[in-house]
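# Structure at a glance
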Amino acid sequence: MIGDLRVSVTDRCNFRCRYCMPAEGMDWIPREEILSFEEIERLVRLLVDLGVTDVRLTGGEPLVRREFPTLVGRLAAIEGIEDLSLTTNGYFLAEQAAALVAAGIDRVNVSIDSLARARFFEITRRDALDRVLAGLDAIAAHPEVRPVKVNAVPMPGLDRADVLRFCDLARERGFQVRFIEFMPLDGDRAWRAEDVLTGAAVQALIEAVHPLRELPREPHATSRVFAFADGRGEIGFINPVSEPFCADCNRLRLTADGKLRTCLFSLHETDLRGPLRAGADDGELERIVREAVWRKELKHRIDEPGFRPPARTMSAIGG
Ligand code: SAM
Ligand code: SF4
């Protein structure tokens, strides 16, 4: 069954992370094709009626969408959503944290790929580490938003000192820091299997200094989570390349222009915006969703010869 929905609210972003977007020359989805808040709310309600309980808002960068906390408030009011969360690059988080919490966000993940300023700049192409850390502090100041998670994509050149800084961040603040393997969804189409720093490699770097203790895996979890044997904070590994978790996947994605995707790597997507704007009733939309879910991929094929990445890259899918 489907329980988890990722909703991309925009394909636009103020960062240009190397593993996600090209430095220049992104073609944005035209504004009139982007779902309005009313349209997002209607589709989310419908998907919640079909079994979705966890909704994560993402993008592009969700906080660049105008009036974003208003959307959070509308979705927080939907009965049946047990967990409403957000993934952000953190740049606008300091100024929006209070409004997001007031609107009803339950959890926030902040993406930070390095805790060293120069490397952060090299990866994101923005000199913004301090601002992002201020955003992280601002959201962590709200005790009702827990756990706070930090997402990092380990890219070639990641050094031991940086990994250990992430451990210190987790231990000192009680955060869960998660390392996500680099997937072939980058705008530059430069992904190579040999550039993937596996979760196992990062784990070995950590365990040489901090022994870890694995925590029980939650159903449908994409990450393996570890506690430090001697203190607070957690480390997670999301290993879609080296250890695919497809068999257990219960996730759907709704793109900012209203396409339903049943896998990050789907080559096929289902248009919901067209029927919605043509006046389809809930029964008709439900039938379209059910058919798409029925065809959900059994697994991704990154590791197979002839693998073809989807035409959309990460920022246009909604990671
Ligand atoms: N802009 C927000 C952010 O960066 O958190 C939300 C959207 S971003 C696409 C969501 C997550 O996808 C981020 O944690 C980012 O690091 C991750 N991501 C983007 N491209 C990726 C890739 N090629 N492989 C693995 N993770 C990727
Ligand atoms: Fe923007 Fe997030 Fe992609 Fe980085 S990972 S370019 S912050 S959408």
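Residues numbered from 1 in each chain as written. Chains lettered and ligands numbered in written order. Predicted model: local features only at pLDDT ≥ 70, side-chain atom pairs only at ≥ 80, totals over all residues. Heavy atoms only, no water.

### Quick notes on the overall build of the protein
- The number of helices and strands found in the protein is 10 helices and 12 strands.
- What you see for the protein is a C-alpha radius of gyration of 19 Å, in line with the 20 Å of a compact globule of 319 residues.
- Considered along the principal axes of its C-alpha atoms, the protein spans approximately 60 × 50 × 40 Å.
- Taking all 319 residues of the protein together, the buried fraction comes to 56%. (Helix = DSSP H or I, 4+ residues; strand = E, 2+ residues; numbered from the N terminus. Rg over C-alpha atoms; globule rule 2.2 N^0.38 Å. Buried < 20%, exposed > 50% of the residue type's maximum accessible area, 1.4 Å probe, protein only.)

### Let's talk about the packing of helix α6 (residues 160–173) against helix α7 (residues 199–207)
- Put simply, α6 and α7 touch, their axes get as near as 10 Å, and they point 75° apart. The orientation of α6 relative to α7 falls into the category roughly perpendicular. Within the contact between the two elements, α6 uses Arg160, Val163 and Cys167 and α7 uses Val202, Leu205 and Ile206.
- Tallied by class, residues from the contact of α6 with α7 come to 5 nonpolar, no polar and 1 charged. (Axes fitted to C-alpha atoms, helices over the stretch in contact; angles between N-to-C directions. Parallel < 35°, antiparallel > 145°, perpendicular 65-115°, else oblique. Contact = heavy atoms within 4.5 Å. Nonpolar A, V, L, I, M, F, W, Y, C, P; charged D, E, K, R; others polar.)

### Points about the site of ligand 2
- Surveying the vicinity of ligand 2 reveals the residues Cys13, Phe15, Cys17, Tyr19, Cys20, Met21, Gly60 and Asn89.
- Looking at the shell around ligand 2 residue by residue, the classes come out as 6 nonpolar, 2 polar and no charged. (Near = heavy atom within 4 Å.)

### Describing the sheet that holds strand β2 (residues 54–58)
- Across the sheet, which stays open at both edges, the 12 strands sit in the order β7-β8-β9-β6-β5-β4-β3-β2-β1-β10-β11-β12 with mixed pairing between neighbours. Strands at the two margins of the open sheet, each flanked by one partner only, are β7 (212–214) and β12 (270–271).
- Alignment of β7 against strand β8 (residues 223–228), held across 3 bridges, turns out to be antiparallel. Counted as the bridge partner of leucine 212 is phenylalanine 228 from β8. (Pairing = 2+ DSSP bridges.)

### A few points about the state of the cysteines
- Summed over the entire model, instances satisfying the criterion amount to 0 disulfides.
- Free cysteine cysteine 263: the closest other cysteine sulfur is in cysteine 246, separated by 6.2 Å. (Disulfide = S-S within 2.5 Å.)

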